[in-house]
Amino acid sequence: MTTDLDPPPDTAPAPAGSGLQRAVAAAIGLLAVGVALGVGDLVAALAAPPSSPFLAVGNQFIRLTPEPLKEFATSTFGVHDKQVLLAGMAVVIAVVAALGGLLSRRSLVPGLALVVVLGLVGATCAAAAPTFTAAYLIAPLVALLAGAASFVVLHHLARRAEAPQDPDDDPAAPREARRRLVLGLVAALAGAGVTGFLGRTLATADAAEASRDAVGPLPGGNVPPPPAADFAASGTPPWLTPNADFYRIDTALQVPQISTGEYSLRIHGLVDREIVLSYDQLRRRALVEAPITMCCVSNDVGGDLISNAVFVGVPLRTLLAEAGVRAGANQIASTSADGFTTGTPVAACTDGRNAMLALGMNGQPLPIEHGFPVRMVVPGLYGYVSGCKWITDMELTTFDAFQSYWQERGWAQQAPVKTQSRIDVPRADATVPAGRVTVAGTSWAQHRGVARVEVRADGGPWQTAELAADASIDTWRMWRTVLTLAAGRHSLQVRATDATGATQPEPVTLTIPDGATGWHTVTVTAR
């Protein structure tokens, strides 16, 4: 029996020992936060611009993560670093949500407060986005309300289901209360799953893919590799990297989805004439195509964050000439659709190399994850200063006046690709037959070219390797040789010399601030 003086059953402190079951309390916390995340993803997918609170937290985490931790993640997980981050976030949020539920076994307040705090964290991170507008707050705030409402309703149902039975009540009431609780938990689980699935599906099934399909084939991919350009039969990568295999390193947790119809590029700043171009205007211009090897500055010695493709696009030098670069402008500050920035030397875009705003890659429109509709490509520079994907803004400025995303985090202002070489076969710790062993790999010195590669075993004399045909000074070059290895353990090393006569130094250095260097060394066992 209750009186008008009794507090509502969902907010009243429970008598000692009468708290919710631990499993039920934890499930309430998990499901309430799950509903919040699912609703947030769905609203974000339908909103413009998209602003998933879950991804907003992830993006803010990336922006605030210390460089050593970022380097550890990239070197340890490579192209899977984002998946690891998102999985880790999901685990942490699940633990916090379950803890919130457990803290509310006897009172609604602690868990509800925690759900609200999590919602406010999502809203705060959305507000911290570089491209923030008020619309970014819609999804986080709706998610907060959905999560809080779910927690209140589920907690109320659980309290009713586990409340002591009054002798005057209907004997079937406890069973009905438990049934309603089960239905509520199932409904919350289904709601979280359905909204989350729809949100993820709609976020990736944007008009961008249909727009890309409508572009059709582009020039490019018509540059055949020269005969014997790779030694793939000996274990090196193919000279041309298929689009699906091209490495991807960027800060985007959610790939920008931009259709050609909505795309525009602004060129402004220290120029005589500001230019705004649509995708169709870029597409109708005279295009150039060139094979270009791109390498990530986070590529460790011997790493695989390097690929080669034939890019097609609009030469940057012609666009800059039309805009009229003013005296003193030495940097192009480029901005991506998601707010990421790069800072590219003007000189590298006007010195005759095939620097371009790329529209295509290996004969197809750019893959969405590689920058569709338009990205910048500048041979010979690491991507963090030259490879702005989903580029929407180019401001002519100076290095003194602007620092890009990675420069603000301690990376070098200028970043020419360093001369490097890598042993692809045999792999580290491999077992090989004693005797004559084929050793093959990859070398690169973009916009200088590779002139010589040397290999040695166990610190012995250097042996000059056979080089594959030279396609361009802007592309990688494969090599191979044969070493005679006696039975036992052996240390193999490689070094490259570029066309300027500079040989890569021996000491292995970190990737920060301007790229790793050093002789790649692998240890094998001959039997």
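Residues numbered from 1 in each chain as written. Predicted model: local features only at pLDDT ≥ 70, side-chain atom pairs only at ≥ 80, totals over all residues. Heavy atoms only, no water.

**Examining the side chain of Thr419**
Filter applied, for reference: Numbering of helices and strands runs from the N terminus; a helix is a DSSP stretch of H or I covering at least four residues, while a strand is a stretch of E covering at least two. Residues adjacent in sequence count toward polar contacts only when both atoms are side-chain atoms; beyond that, a polar contact is any pair of N or O atoms within 3.5 Å, and within protein one must be able to donate a hydrogen and the other to accept it. The contact criterion used throughout is that any non-hydrogen atoms of two residues lie within 4.5 Å.
With respect to the secondary-structure elements, Thr419 resides in the loop between strand S10 (391–397) and strand S11 (420–425). A polar side-chain atom of Thr419 sits 2.9 Å from a polar atom in the side chain of Arg448. A distance of 3.0 Å separates polar atoms of two side chains, one belonging to Thr419 and the other to Asp498. When near neighbours in sequence (up to four residues on either side) are disregarded, Thr419 contacts Trp444, Ala445, Arg448, Ala496, Asp498, Gln504 and Thr517.

**What about a nonpolar patch on the surface?**
Note the following rule: Residues enter patches when they are more than 30% accessible in relative terms and free of salt bridges; like-charged ones are connected within 9 Å and nonpolar ones (Val, Leu, Ile, Met, Phe, Trp, Tyr) within 5 Å. Residue-level accessible areas treat just the shown protein chains as cover; the underlying method is Shrake-Rupley with a 1.4 Å probe. What makes a salt bridge here is a side-chain nitrogen of Lys or Arg within 4 Å of a carboxyl oxygen of Asp or Glu, nothing more.
On the surface, a cluster of nonpolar side chains totalling about 490 Å² of accessible area is made up of Leu46, Val194, Phe197, Leu198 and Leu202. A total of 4 residues in the nonpolar patch trace back to one element, the largest contributor, which is helix H7 (residues 173–204). With respect to the helices, strands and loops of the structure, Leu198 is situated in helix H7.

**Here we look at the sheet that holds strand S2 (residues 275–278)**
The test is simple: Note: two strands are recorded as paired if DSSP finds a minimum of 2 bridges between them. Comment: axis = line fitted to C-alpha atoms, over the contacting stretch for helices; angle = value between 0 and 180 degrees taken between N-to-C directions.
Taken together, 5 strands build an open sheet; the order of strands is S2-S1-S10-S5-S6 and the sheet is mixed. The open sheet terminates on both sides in strands that have one partner only, identified here as S2 and strand S6 (341–345). Looking at each pair of strands side by side, their axes are set apart by 15° on average, direction ignored. Its contacts with the sheet place helix H10 (residues 316–323) against strand S1 (264–269), S2, strand S5 (331–336) and S10, and it is angled at close to 135° to S2.

**Some remarks on helix H3 (residues 67–77)**
Stated precisely, the cut-off is as follows: The buried label goes to any residue with under 20% of its type's maximum accessible area, the exposed label to any with over 50%, and the partly exposed label to all in between, with areas taken from a 1.4 Å probe on protein chains only. Note: the arc covers the axis-to-C-beta directions of the helix.
Taken together, the buried positions of H3 are Glu67, Lys70, Glu71 and Thr74. Axial view of H3: buried residues confined to an arc of 100°, hence all on one face. Turning to H3, the residues buried within the fold contact helix H2 (53–64) and helix H4 (81–103).

**Concerning the state of the cysteines**
Joining two cysteines, a disulfide is a covalent bond between their sulfur atoms. Selection rule: The disulfide criterion used throughout: a pair of cysteine sulfur atoms within 2.5 Å.
Taken as a whole and assessed by the stated rule, the structure comprises 0 disulfides. This cysteine, Cys349, is not joined by any disulfide, and Cys388 carries the nearest cysteine sulfur, 12 Å off. Note on Cys349: relative accessible area 1%, which makes it buried.

**Considering the pairing of S6**
Two faces belong to every sheet, and in a regular strand the side chains alternate between them. Of all 5 residues making up S6, 5 are buried, and the element is well covered by its neighbours. Across the two faces of S6 the burial is the same, with Thr341, Gly343 and Pro345 and Thr342 and Thr344 all buried. Where S5 and S6 come together, 5 bridges link them in antiparallel fashion. Bridge assignment links Ser334 to a residue of S6, and that residue is Thr342. Between the antiparallel neighbours S5 and S6 lie 4 residues, among them Gly339 with a positive phi of about 95°.

**Looking at the environment of Pro219**
Note on placement: Pro219 falls in the loop between helix H8 (207–215) and S1. On a C-alpha basis, the gap between Pro219 and Glu289 in space is 7.2 Å, while along the polypeptide they are 70 residues apart. Not counting chain neighbours up to four residues away, the residues in contact with Pro219 comprise Arg283, Glu289, Val312 and Gly363.

**A few points about the environment of Ala177**
Locating Ala177 in the fold gives a position in helix H7. For Ala177, a relative accessible area of 15% gives the class buried. Put simply, Ala177 and Leu157 are 20 residues apart on the chain and 7.0 Å apart in space, counted from C-alpha to C-alpha. Non-local contacts of Ala177, meaning those with residues more than four positions away in its chain, are made with Leu157, Arg160 and Ala161.

**Some thoughts on the pattern of salt bridges**
Overall, the coordinates contain 19 salt bridges when judged by the stated rule. In this structure, Asp514 and Lys418 form a salt bridge, with 3.1 Å as the shortest nitrogen-oxygen distance. On the criterion of sequence distance, the pair formed by Asp514 in the loop between strand S18 (488–498) and strand S19 (520–526) and Lys418 in the loop between S10 and S11 is long-range, its members being 96 residues apart. Classification of Asp514 as partly exposed rests on a relative accessible area of 27%. The salt bridge partner of Glu466 is Arg480, with a shortest N-O separation of 3.1 Å. Of this pair, Glu466 sits in strand S16 (residues 466–467) while Arg480 sits in strand S17 (residues 477–485); the two residues are 14 residues apart in sequence, bridging distant segments of the chain. Linked by salt bridges that have partners in common, Lys82, Arg248, Asp250 and Lys389 make up one network.

**Examining the packing of aromatic side chains**
Selection criterion: Two rings from Phe, Tyr or Trp (for Trp, the six-membered ring) form a pair when their centres are within 6.5 Å of each other. A pair whose planes differ by under 30 degrees is stacked, one over 60 is edge-to-face, and the rest are tilted. Note on criteria: charge over ring means Lys NZ or Arg CZ within 6 Å of the ring centre, with the direction from the centre no more than 35 degrees off the ring normal.
Under the defined criterion, the tally for this structure stands at 9 aromatic pairs. On the basis of an interplanar angle of 50° and a centroid distance of 5.1 Å, the ring pair of Phe340 and Tyr405 is categorised as tilted. Taken together, the residues span a long stretch of sequence, with Phe340 in the loop between S5 and S6 and Tyr405 in the loop between S10 and S11 at a distance of 65 residues. Assessed through its relative accessible area of 15%, Phe340 is described here as buried. Since its relative accessible area comes to 10%, Tyr405 is described here as buried. Through a chain of ring-to-ring contacts, three or more aromatic side chains come together here, namely Phe340, Tyr384, Tyr405, Trp406 and Trp411. In this structure, Arg409 packs its charged tip against the face of Tyr405, placed 3.7 Å from the ring centre. Seen from the ring of Phe231, Arg480 lies directly overhead, with NZ or CZ sitting 3.9 Å from the centre.

**Quick notes on the confidence of the model for the chain**
Stated formally: You can read pLDDT as the predictor saying how much it trusts each residue, on a scale of 0 to 100.
On average, residues of the chain score 91 in pLDDT, and 94% of them reach the 70 mark or higher. Note that residues 1–17 has pLDDT below 50 and, in this model, 20 contacts with residues that lie over four places away or in other chains.

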